[in-house]
Amino acid sequence: MEFLPVMIALHLLAVETLAGMLLFLHVVVGPARLVVVEGALDPGAGPEAWCRRVAWGCLAVMAVTMLGWLAGTAAVVSDSGHAMVFDPAVLTTLLRHTQFGLIWVLRLGVEVVLVLILWLRPSGRGLAEDALPWAGLLLLTIAMTGHAAAEDGSHHSFLLTAMVVHLAATAAWVGSLPLLIRLLADAEAGALSGNAAAVSLAREVVQRYAGYGGAAVALLLVSGGAAAWSFLGGRSPDLSSDYAHTLAVKAVLVASMLAVAGWNRLFLGRKLLGLGHPARILALLKRAALSEYALACAIILMAVILSQAPPPAH
Ligand code: HEM
């Protein structure tokens, strides 16, 4: 496996995980906690402290992979034959005279702002509100590095919009999984130790996840389908190209992830809302969410390979 796609995929995974986690914390977990508290149960300090640690981890991975992405791209554009190039002259030209370089510098600036927000917010309270817009900007500027940004004419704004929606929807799903897994693990332990608050928080979150997850999946399928349709050639798609084959592998992985999510939602989630002693169902939900996240890692790698391969129609 070549160096650059792996570097970019790790970077995308860290950005999607951070942005999606903060969105999920803000629109699902936060309101669910309020319901549990109003029910006179105390879910404790809450996931903010844990999200803060994950956020630091994501920022560390982003910083290292940003450098790798730059040095790897410098190696490609200078045709050096090496995996990475740190020659100051090559890096300066890349950063000052290419769209990739300008976007890279902008994204580095946004990462610095995120580090300051995390540093200045020791408790983690209000983390989602403060950091989400910046994490969103870091995510959506990825659209400026793929094929959509290289398009001209009417296709440009259509594809850029499709990629912005696609990145936001995939992050909403993929980035929510680590926090969901954490809450399910807490609830599983709570079900065994009699901590009713953790179990009711998980129930409340799983109930709300149906709508949240459903919206994210619908948006990513429509936006991904629109981008695929355009890049493959519209009404006369070239299905024999490497691009089409890579997209087919990605689609199979997405179908597997959707199958696991469907089982979670239509079977385990419903069982959880019914049962008195949910420990076994919570354990199954947690493992299924873990396998969804593992599949998402493979999908993101395929997405990067896709964005590095020339689309047949353009
Ligand atoms: C969980 C599901 C999915 C995830 C996590 C995902 C993730 C991504 C990411 C991160 C990118 C940007 C890659 C980059 O710019 O380097 C991307 C691009 C893309 N995705 Fe998806 N995607 C998913 C589902 C789909 C589906 C279902 C389709 C098609 C029906 C699709 C089609 C595309 C296309 C055509 C691109 C543009 C690649 C290019 O720049 O040429 N994706 N996807």
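To start, this report covers the structure provided alongside it. Bear in mind the structure is a predicted one, so any value in this text is a computation, not a measurement.

Rules and cut-offs
- Residues numbered from 1 in each chain as written.
- Predicted model: local features only at pLDDT ≥ 70, side-chain atom pairs only at ≥ 80, totals over all residues.
- Heavy atoms only, no water.
- Donors = N, O, S within 2.8 Å, 3.2 Å for Na, K, Ca; no water.
- Tetrahedral: all angles 85-135°; square planar, octahedral: opposite > 155°, others 65-115°.
- Helix = DSSP H or I, 4+ residues; strand = E, 2+ residues; numbered from the N terminus.
- Buried < 20%, exposed > 50% of the residue type's maximum accessible area, 1.4 Å probe, protein only.
- Phe/Tyr/Trp six-rings, centres within 6.5 Å; stacked < 30°, edge-to-face > 60°.
- Contact = heavy atoms within 4.5 Å.
- Disulfide = S-S within 2.5 Å.
- Near = heavy atom within 4 Å.
- Polar contact = N/O pair within 3.5 Å; in protein donor to acceptor, adjacent residues only side chain to side chain.
- 1 Å grid on protein atoms, 1.4 Å probe; cavity = no way out; pocket = protein on both sides within 12 Å on 5 of 7 lines; lining within 4 Å.
- Sits in = over half its atoms within 2 Å of the grid points.
- Nonpolar A, V, L, I, M, F, W, Y, C, P; charged D, E, K, R; others polar.
- Core = buried A, V, L, I, M, F, W, Y, C linked by side-chain atoms within 4.5 Å.
- Axes fitted to C-alpha atoms, helices over the stretch in contact; angles between N-to-C directions.
- Parallel < 35°, antiparallel > 145°, perpendicular 65-115°, else oblique.
- Left-handed = near helix turned anticlockwise from the far one by under 90°.
- Salt bridge = Lys/Arg side-chain N within 4 Å of Asp/Glu carboxyl O.

1. Quick notes on the coordination of the iron atom of the ligand
The iron atom of the ligand binds to the protein through H166 (NE2) and K250 (NZ); the donor distances cover 1.8 to 2.1 Å. One way to put it: the 6 donor atoms around the iron atom of the ligand meet at angles of 83 to 178 degrees, and that makes the site octahedral. In this pair, H166 sits in helix 7 (residues 153–174) while K250 sits in helix 10 (residues 242–274), placing the two residues 84 residues apart along the sequence. The pair H166 / K250 is uniform in exposure class, with both members buried.

2. Brief notes about the packing of aromatic side chains
For the structure shown, the criterion picks out 6 aromatic pairs. Note on F231 and Y243: the rings are 6.1 Å apart at their centroids and 65 degrees apart in plane angle, and the pair reads as edge-to-face. You can see F231 sitting in helix 9 (residues 196–232) and its partner Y243 sitting in helix 10, a full 12 residues away along the chain. Accessibility classification places F231 together with Y243 in one group, the buried group.

3. Quick look at the environment of L159
Structurally, L159 is set in helix 7. Along the backbone, L159 and A226 are 67 residues apart, and their C-alpha atoms lie at a distance of 7.9 Å.

4. With respect to the side chain of H166
The class of H166 is buried, set by a relative accessible area of 11%. Leaving out residues up to four positions away in the same chain, H166 has contacts with L220, S223, G224 and K250.

5. Here we look at the state of the cysteines
Formally, a disulfide is one covalent bond, and it connects the sulfur atom of one cysteine to the sulfur atom of another. Summed over all chains, the structure comprises 0 disulfides. Cysteine C51 remains unbridged, with the sulfur of C58 as its closest cysteine sulfur at 9.9 Å.

6. Here's the deal with the site of the ligand
H147, H166, Y243, K250 and S307 are the nearest of the 25 residues found near the ligand. A distance of 2.5 Å separates an oxygen atom of the ligand from a polar side-chain atom of H147. Of the pockets mapped on this structure, the ligand occupies the largest pocket. Of the residues in the shell around the ligand, the class split is 17 nonpolar, 6 polar and 2 charged.

7. Describing the environment of I281
Position of I281 among the secondary structure elements: in helix 11 (residues 279–308). You can call I281 buried: its relative accessible area is 2%. Residues I281 and V199, 82 residues apart in the sequence, show an inter-C-alpha distance of 11 Å.

8. So, the nonpolar core
Counting residues in hydrophobic clusters, the biggest one holds 100 residues, and the most contacted among them are L18, F24, W173, L179 and V205. No other element matches helix 1 (residues 3–38), which puts 17 residues into this core. Here L18 is in contact with A55, C58, L59, M62, L114 and A135, once residues within four sequence places are set aside.

9. A word on the packing of helix 10 against helix 11
In the contact formed by helix 10 and helix 11, the axes pass within 9 Å of each other and the chain directions differ by 165 degrees. When the axis of helix 10 is compared with that of helix 11, the two are roughly antiparallel. Judged by the sense of rotation from one axis to the other, the crossing of helix 10 with helix 11 is left-handed. Tallied by class, the residues present in the contact of helix 10 with helix 11 amount to 25 nonpolar, 5 polar and 3 charged.

10. Describing the pattern of salt bridges
Throughout the structure, instances matching the rule amount to 3 salt bridges. One salt bridge in this structure joins R182 and D186, with 3.3 Å as the shortest N-O distance. Of this pair, R182 and D186 both sit in helix 8 (residues 176–193), 4 residues apart, which is roughly one turn of the helix. Owing to a relative accessible area of 33%, D186 belongs among the partly exposed residues under this scheme. A salt bridge links R208 to E204, with the shortest nitrogen-to-oxygen separation between them at 3.1 Å.

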